[in-house]
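The primary structure of each chain is shown beneath.
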Amino acid sequence: MKKTDLITGMLGAGKTTFITTYARHMAEKCGPVCLIANDYGAISVDRALLEEKIGDLCDIEMVVAGDPDCQRRRFRTKLISMGMLGYERVIVEPSGVFDTEEFYNILYDDPISSWYEIGNVISIVPADIPEELPESSEYLLADQAATAGLIVVSKVHDKDIRDIPGTVERIRRRLQRAGDKFHCTRDFLKAPVLVRKWADFTEEDWEKIEHAGRVSADMVRMHFAEDGSFQSLFYFHVNRSEADMRALAAELLSNRDRFGQVIRIKGFFHDTETNAWMSLNATAEKTEIRPSATKKDDREEVIIVVGGQMNEKAIGEAFGETRSVTDYSI
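Novice: When you look at the overall build of the chain in this model, what are you seeing that I'm missing?
Specialist: Scanning the chain for helices and strands turns up 12 helices and 14 strands. Counting every position in the chain, which comprises 330 residues, the buried fraction comes to 55%. Within the chain, contacts between residues at least 6 apart in sequence are counted, and of these 79% link residues at least 24 apart. Counting every atom, the chain has about 14,700 Å² of accessible surface; 47% of that belongs to carbon and sulfur.

Shown next, in the form of C-alpha coordinates:
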(Lines give C-alpha, C1' and ligand atoms only; values in the text may rest on other atoms or scores of the structure.)
Protein backbone atom coordinates (compact mmCIF):
# COMPACT_ATOMS: atom_id res chain seq x y z
CA MET A 1 0.00 0.00 0.00
CA LYS A 2 1.14 3.53 -0.76
CA LYS A 3 1.37 5.90 2.20
CA THR A 4 -0.06 9.37 2.62
CA ASP A 5 1.24 11.72 5.30
CA LEU A 6 -0.73 14.70 6.60
CA ILE A 7 1.14 17.72 8.00
CA THR A 8 -1.18 20.18 9.73
CA GLY A 9 -0.68 23.51 11.42
CA MET A 10 -2.46 26.79 11.94
CA LEU A 11 -1.73 29.88 9.88
CA GLY A 12 1.73 31.12 10.76
CA ALA A 13 2.72 27.98 12.68
CA GLY A 14 5.63 27.23 10.34
CA LYS A 15 4.01 24.31 8.54
CA THR A 16 5.52 25.07 5.13
CA THR A 17 9.01 25.43 6.58
CA PHE A 18 8.69 22.07 8.34
CA ILE A 19 7.41 20.41 5.20
CA THR A 20 10.46 21.51 3.20
CA THR A 21 12.62 19.85 5.88
CA TYR A 22 10.42 16.75 6.08
CA ALA A 23 10.06 16.30 2.31
CA ARG A 24 13.80 16.67 1.76
CA HIS A 25 14.55 14.05 4.42
CA MET A 26 11.94 11.59 3.16
CA ALA A 27 13.03 12.00 -0.47
CA GLU A 28 16.66 11.37 0.40
CA LYS A 29 15.77 8.32 2.48
CA CYS A 30 12.83 6.78 0.62
CA GLY A 31 13.20 8.00 -2.95
CA PRO A 32 10.88 10.27 -4.95
CA VAL A 33 7.91 11.67 -3.05
CA CYS A 34 5.01 13.86 -4.10
CA LEU A 35 3.75 16.86 -2.19
CA ILE A 36 0.12 17.88 -2.62
CA ALA A 37 -0.43 21.38 -1.27
CA ASN A 38 -4.08 22.05 -0.60
CA ASP A 39 -4.51 25.81 -1.03
CA TYR A 40 -7.93 27.45 -0.76
CA GLY A 41 -6.75 30.83 -2.00
CA ALA A 42 -7.47 31.97 -5.52
CA ILE A 43 -3.78 32.37 -6.38
CA SER A 44 -1.19 29.72 -5.59
CA VAL A 45 2.02 31.36 -4.45
CA ASP A 46 2.98 28.50 -2.12
CA ARG A 47 3.68 26.13 -5.01
CA ALA A 48 6.20 28.52 -6.54
CA LEU A 49 7.90 29.10 -3.18
CA LEU A 50 8.06 25.36 -2.50
CA GLU A 51 9.37 24.58 -5.99
CA GLU A 52 12.31 26.91 -5.43
CA LYS A 53 13.21 25.11 -2.17
CA ILE A 54 12.50 21.43 -2.85
CA GLY A 55 11.35 21.21 -6.45
CA ASP A 56 14.49 19.26 -7.31
CA LEU A 57 13.58 16.50 -4.84
CA CYS A 58 9.85 15.97 -5.17
CA ASP A 59 6.91 16.58 -7.45
CA ILE A 60 4.68 19.38 -6.18
CA GLU A 61 0.99 19.49 -7.05
CA MET A 62 -1.61 22.03 -5.99
CA VAL A 63 -5.30 21.66 -5.26
CA VAL A 64 -6.89 25.10 -5.50
CA ALA A 65 -10.63 25.49 -5.20
CA GLY A 66 -13.05 27.71 -3.34
CA ASP A 67 -15.97 25.29 -3.55
CA PRO A 68 -15.53 22.40 -1.03
CA ASP A 69 -17.04 19.74 -3.31
CA CYS A 70 -14.83 20.80 -6.20
CA GLN A 71 -11.79 20.83 -3.92
CA ARG A 72 -12.51 17.29 -2.71
CA ARG A 73 -12.90 15.99 -6.26
CA ARG A 74 -9.61 17.56 -7.31
CA PHE A 75 -7.83 16.18 -4.26
CA ARG A 76 -9.10 12.66 -5.03
CA THR A 77 -8.01 13.04 -8.66
CA LYS A 78 -4.54 14.17 -7.62
CA LEU A 79 -4.13 11.18 -5.30
CA ILE A 80 -5.15 8.76 -8.03
CA SER A 81 -2.82 10.44 -10.53
CA MET A 82 0.14 10.31 -8.14
CA GLY A 83 -0.53 6.64 -7.45
CA MET A 84 -0.60 5.86 -11.16
CA LEU A 85 2.70 7.70 -11.59
CA GLY A 86 4.30 5.33 -9.10
CA TYR A 87 4.82 7.53 -6.04
CA GLU A 88 4.91 5.35 -2.96
CA ARG A 89 4.64 8.28 -0.54
CA VAL A 90 2.49 11.38 -0.84
CA ILE A 91 2.75 14.28 1.61
CA VAL A 92 -0.35 16.43 2.00
CA GLU A 93 0.03 20.03 3.12
CA PRO A 94 -3.41 21.50 3.75
CA SER A 95 -4.33 25.13 4.12
CA GLY A 96 -4.00 26.56 7.61
CA VAL A 97 -7.80 26.63 7.63
CA PHE A 98 -8.51 22.93 7.21
CA ASP A 99 -10.73 20.39 8.96
CA THR A 100 -8.92 17.03 9.18
CA GLU A 101 -12.25 15.21 8.78
CA GLU A 102 -12.05 16.08 5.07
CA PHE A 103 -8.72 14.25 4.78
CA TYR A 104 -9.98 11.09 6.47
CA ASN A 105 -13.24 11.05 4.51
CA ILE A 106 -11.30 11.00 1.26
CA LEU A 107 -8.64 8.48 2.36
CA TYR A 108 -11.26 6.03 3.66
CA ASP A 109 -13.42 6.25 0.54
CA ASP A 110 -13.15 3.93 -2.48
CA PRO A 111 -11.09 3.70 -4.62
CA ILE A 112 -8.55 5.73 -2.61
CA SER A 113 -8.74 3.33 0.34
CA SER A 114 -7.55 0.45 -1.86
CA TRP A 115 -4.50 2.43 -2.98
CA TYR A 116 -3.37 4.33 0.09
CA GLU A 117 -2.97 3.91 3.81
CA ILE A 118 -2.38 6.77 6.23
CA GLY A 119 1.26 7.06 7.18
CA ASN A 120 2.09 9.91 9.53
CA VAL A 121 -0.13 12.66 10.86
CA ILE A 122 2.03 15.44 12.29
CA SER A 123 0.76 18.69 13.77
CA ILE A 124 2.94 21.80 13.96
CA VAL A 125 2.27 23.89 17.07
CA PRO A 126 4.28 27.06 17.81
CA ALA A 127 6.05 27.32 21.15
CA ASP A 128 4.49 30.74 21.63
CA ILE A 129 0.91 29.59 20.98
CA PRO A 130 -1.35 32.27 22.50
CA GLU A 131 -3.30 31.40 25.61
CA GLU A 132 -6.43 32.89 24.06
CA LEU A 133 -7.57 32.43 20.48
CA PRO A 134 -10.79 33.17 18.57
CA GLU A 135 -13.20 30.25 18.71
CA SER A 136 -12.55 29.19 15.11
CA SER A 137 -8.78 29.18 15.69
CA GLU A 138 -9.23 27.27 18.95
CA TYR A 139 -11.22 24.65 17.09
CA LEU A 140 -8.57 24.29 14.39
CA LEU A 141 -5.85 23.95 17.02
CA ALA A 142 -7.71 21.07 18.69
CA ASP A 143 -8.84 19.41 15.46
CA GLN A 144 -5.46 19.45 13.75
CA ALA A 145 -3.69 17.98 16.79
CA ALA A 146 -6.42 15.51 17.80
CA THR A 147 -5.28 12.61 15.60
CA ALA A 148 -1.62 13.59 15.23
CA GLY A 149 0.83 10.84 16.06
CA LEU A 150 3.38 13.53 16.90
CA ILE A 151 3.22 17.19 17.90
CA VAL A 152 6.25 19.04 16.52
CA VAL A 153 6.88 22.38 18.21
CA SER A 154 7.87 25.28 15.96
CA LYS A 155 9.52 28.63 16.70
CA VAL A 156 11.62 27.02 19.41
CA HIS A 157 13.97 29.38 21.27
CA ASP A 158 16.85 28.72 23.65
CA LYS A 159 14.59 29.19 26.67
CA ASP A 160 12.35 26.37 25.38
CA ILE A 161 15.35 24.07 24.93
CA ARG A 162 16.70 24.82 28.42
CA ASP A 163 13.50 23.42 29.92
CA ILE A 164 12.22 20.83 27.46
CA PRO A 165 10.05 18.99 30.04
CA GLY A 166 8.43 22.30 30.99
CA THR A 167 7.86 23.22 27.34
CA VAL A 168 6.31 19.82 26.62
CA GLU A 169 4.02 20.14 29.64
CA ARG A 170 2.95 23.65 28.62
CA ILE A 171 2.12 22.59 25.04
CA ARG A 172 0.22 19.53 26.25
CA ARG A 173 -1.88 21.55 28.70
CA ARG A 174 -2.61 24.18 26.06
CA LEU A 175 -3.81 21.51 23.63
CA GLN A 176 -5.83 19.81 26.35
CA ARG A 177 -7.63 23.05 27.09
CA ALA A 178 -8.50 23.48 23.41
CA GLY A 179 -9.59 19.85 23.15
CA ASP A 180 -11.80 20.04 26.24
CA LYS A 181 -13.65 22.97 24.74
CA PHE A 182 -14.83 20.74 21.87
CA HIS A 183 -15.16 17.52 23.90
CA CYS A 184 -12.17 15.89 22.21
CA THR A 185 -11.54 12.31 23.36
CA ARG A 186 -7.75 12.67 22.94
CA ASP A 187 -5.73 12.78 26.16
CA PHE A 188 -3.31 15.49 25.13
CA LEU A 189 -1.51 15.27 28.48
CA LYS A 190 0.06 12.04 27.17
CA ALA A 191 0.62 13.18 23.58
CA PRO A 192 4.16 12.81 22.18
CA VAL A 193 5.68 16.26 21.75
CA LEU A 194 9.01 16.98 20.03
CA VAL A 195 10.85 20.13 21.12
CA ARG A 196 13.98 20.83 19.10
CA LYS A 197 15.26 23.47 16.71
CA TRP A 198 14.61 21.86 13.35
CA ALA A 199 18.16 22.38 12.11
CA ASP A 200 19.32 20.35 15.13
CA PHE A 201 17.13 17.27 14.61
CA THR A 202 19.02 14.14 15.70
CA GLU A 203 18.75 10.64 14.27
CA GLU A 204 16.55 9.80 17.25
CA ASP A 205 14.30 12.76 16.43
CA TRP A 206 13.97 11.64 12.83
CA GLU A 207 13.15 8.13 13.99
CA LYS A 208 10.22 9.57 15.96
CA ILE A 209 9.12 11.68 13.00
CA GLU A 210 9.37 8.86 10.46
CA HIS A 211 7.24 6.57 12.64
CA ALA A 212 4.84 9.17 14.03
CA GLY A 213 1.74 7.31 12.83
CA ARG A 214 -1.65 8.57 13.94
CA VAL A 215 -4.15 8.09 16.77
CA SER A 216 -7.93 7.84 16.83
CA ALA A 217 -9.95 10.60 18.43
CA ASP A 218 -13.40 12.14 18.17
CA MET A 219 -14.60 15.65 18.90
CA VAL A 220 -17.55 17.91 18.29
CA ARG A 221 -17.31 19.22 14.74
CA MET A 222 -17.54 22.95 14.23
CA HIS A 223 -18.55 24.20 10.81
CA PHE A 224 -17.53 27.81 11.22
CA ALA A 225 -18.67 30.39 8.72
CA GLU A 226 -16.31 32.32 6.51
CA ASP A 227 -16.85 35.46 8.57
CA GLY A 228 -13.51 37.17 8.13
CA SER A 229 -11.79 35.32 10.96
CA PHE A 230 -9.21 34.37 8.33
CA GLN A 231 -8.41 36.37 5.23
CA SER A 232 -5.93 36.62 2.41
CA LEU A 233 -5.40 39.89 0.56
CA PHE A 234 -3.76 39.90 -2.88
CA TYR A 235 -1.68 42.82 -4.23
CA PHE A 236 -0.56 42.82 -7.83
CA HIS A 237 2.19 44.58 -9.82
CA VAL A 238 4.34 45.14 -6.75
CA ASN A 239 7.48 47.05 -7.72
CA ARG A 240 9.70 48.07 -4.80
CA SER A 241 13.29 47.88 -3.70
CA GLU A 242 14.27 45.02 -1.41
CA ALA A 243 14.86 47.47 1.43
CA ASP A 244 11.42 49.05 0.99
CA MET A 245 9.71 45.64 0.86
CA ARG A 246 11.54 44.47 3.98
CA ALA A 247 10.46 47.64 5.82
CA LEU A 248 6.87 47.30 4.60
CA ALA A 249 6.68 43.67 5.74
CA ALA A 250 8.04 44.61 9.18
CA GLU A 251 5.47 47.39 9.53
CA LEU A 252 2.52 45.22 8.48
CA LEU A 253 3.50 42.40 10.83
CA SER A 254 4.15 44.58 13.88
CA ASN A 255 1.49 47.31 13.83
CA ARG A 256 -1.72 45.47 14.78
CA ASP A 257 -3.50 48.62 15.86
CA ARG A 258 -3.36 49.92 12.30
CA PHE A 259 -3.34 46.78 10.14
CA GLY A 260 -4.98 44.07 12.26
CA GLN A 261 -3.51 40.60 12.76
CA VAL A 262 -1.15 40.06 9.84
CA ILE A 263 0.36 36.57 10.17
CA ARG A 264 2.28 36.00 6.96
CA ILE A 265 3.31 37.87 3.81
CA LYS A 266 4.45 35.88 0.79
CA GLY A 267 4.86 36.15 -2.96
CA PHE A 268 6.98 37.74 -5.68
CA PHE A 269 7.95 41.32 -6.49
CA HIS A 270 10.14 43.26 -8.89
CA ASP A 271 13.15 44.89 -7.24
CA THR A 272 13.29 48.40 -8.69
CA GLU A 273 16.94 48.91 -7.71
CA THR A 274 18.47 45.73 -9.12
CA ASN A 275 15.79 44.92 -11.72
CA ALA A 276 15.73 41.42 -10.22
CA TRP A 277 12.77 39.09 -9.73
CA MET A 278 12.51 38.41 -5.96
CA SER A 279 10.57 36.02 -3.73
CA LEU A 280 9.31 37.08 -0.29
CA ASN A 281 8.28 34.96 2.68
CA ALA A 282 7.81 36.92 5.91
CA THR A 283 6.45 36.25 9.39
CA ALA A 284 6.90 38.13 12.65
CA GLU A 285 9.94 35.94 13.42
CA LYS A 286 11.73 36.08 10.07
CA THR A 287 11.67 37.83 6.70
CA GLU A 288 13.26 35.93 3.83
CA ILE A 289 13.89 37.72 0.54
CA ARG A 290 15.93 36.05 -2.18
CA PRO A 291 16.35 36.18 -5.96
CA SER A 292 13.74 34.00 -7.60
CA ALA A 293 14.63 31.20 -9.96
CA THR A 294 11.39 31.85 -11.81
CA LYS A 295 11.59 34.10 -14.84
CA LYS A 296 9.51 37.24 -14.72
CA ASP A 297 7.66 36.25 -17.91
CA ASP A 298 6.40 33.11 -16.15
CA ARG A 299 4.85 34.75 -13.11
CA GLU A 300 3.15 38.01 -12.21
CA GLU A 301 4.27 40.22 -9.36
CA VAL A 302 1.83 39.32 -6.59
CA ILE A 303 2.09 39.60 -2.82
CA ILE A 304 -0.38 37.82 -0.51
CA VAL A 305 -1.03 39.11 3.00
CA VAL A 306 -2.53 36.42 5.26
CA GLY A 307 -4.11 37.02 8.65
CA GLY A 308 -7.26 37.55 10.64
CA GLN A 309 -9.54 40.53 11.03
CA MET A 310 -7.19 42.67 8.99
CA ASN A 311 -7.75 46.31 8.04
CA GLU A 312 -7.92 45.96 4.28
CA LYS A 313 -8.07 49.71 3.66
CA ALA A 314 -4.97 50.45 5.74
CA ILE A 315 -2.99 47.61 4.16
CA GLY A 316 -4.03 48.74 0.69
CA GLU A 317 -2.83 52.26 1.46
CA ALA A 318 0.51 50.85 2.61
CA PHE A 319 0.93 49.08 -0.74
CA GLY A 320 0.01 52.20 -2.69
CA GLU A 321 -1.63 51.99 -6.09
CA THR A 322 -1.52 48.21 -6.50
CA ARG A 323 -4.75 46.37 -7.25
CA SER A 324 -6.07 44.12 -4.51
CA VAL A 325 -8.52 41.23 -4.20
CA THR A 326 -9.95 39.89 -0.96
CA ASP A 327 -10.35 36.15 -0.46
CA TYR A 328 -12.05 34.85 2.69
CA SER A 329 -11.60 31.17 1.91
CA ILE A 330 -7.93 30.44 2.50
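Novice: What's the story with the pattern of salt bridges in this structure? I'm lost.
Specialist: Note on pairing: side chains with opposite charge can pair once their charged atoms come close. Per the counting criterion, the structure on display carries 15 salt bridges. The shortest N-O distance in the salt bridge between Asp-158 and Lys-197 comes to 2.6 Å. Separated by 39 residues along the polypeptide, Asp-158 in helix α7 (residues 158–162) and Lys-197 in the loop between β7 (193–194) and α9 (203–210) bring together distant segments of the chain. We classify Asp-158 as partly exposed; its relative accessible area is 46%.

Novice: What should I look at first to understand the packing of aromatic side chains in this one?
Specialist: The description of two aromatic rings rests on the distance between their centres and on the angle between their planes. This model, assessed by the stated rule, comprises eight aromatic pairs. Ring centres of Phe-103 and Tyr-104 lie 5.4 Å apart, and the angle between their planes is 70°; this geometry places the pair in the edge-to-face category. With respect to burial, Phe-103 and Tyr-104 carry one shared label: buried. Pairing Tyr-104 with Tyr-108 gives two aromatic rings, centres 6.1 Å apart and planes at 20°, and the pair type is stacked.

Novice: Looking at this structure, how should I read the environment of Gly-14?
Specialist: Inspection of the secondary structure assignment puts Gly-14 in the loop between β1 (2–9) and α1 (15–30). Using a relative accessible area of 22% as the deciding quantity, one classes Gly-14 as partly exposed. Each C-alpha atom, one on Gly-14 and one on Val-125, is 8.2 Å from the other, the two residues being 111 residues apart in sequence. Filtering out sequence-adjacent residues up to four positions away, Gly-14 remains in contact with Ile-124 and Trp-198.

Rules behind the numbers
- Residues numbered from 1 in each chain as written.
- Predicted model: local features only at pLDDT ≥ 70, side-chain atom pairs only at ≥ 80, totals over all residues.
- Heavy atoms only, no water.
- Helix = DSSP H or I, 4+ residues; strand = E, 2+ residues; numbered from the N terminus.
- Buried < 20%, exposed > 50% of the residue type's maximum accessible area, 1.4 Å probe, protein only.
- Contact = heavy atoms within 4.5 Å.
- Areas by Shrake-Rupley, 256 points an atom, 1.4 Å probe, with all protein chains shown as cover.
- Salt bridge = Lys/Arg side-chain N within 4 Å of Asp/Glu carboxyl O.
- Phe/Tyr/Trp six-rings, centres within 6.5 Å; stacked < 30°, edge-to-face > 60°.

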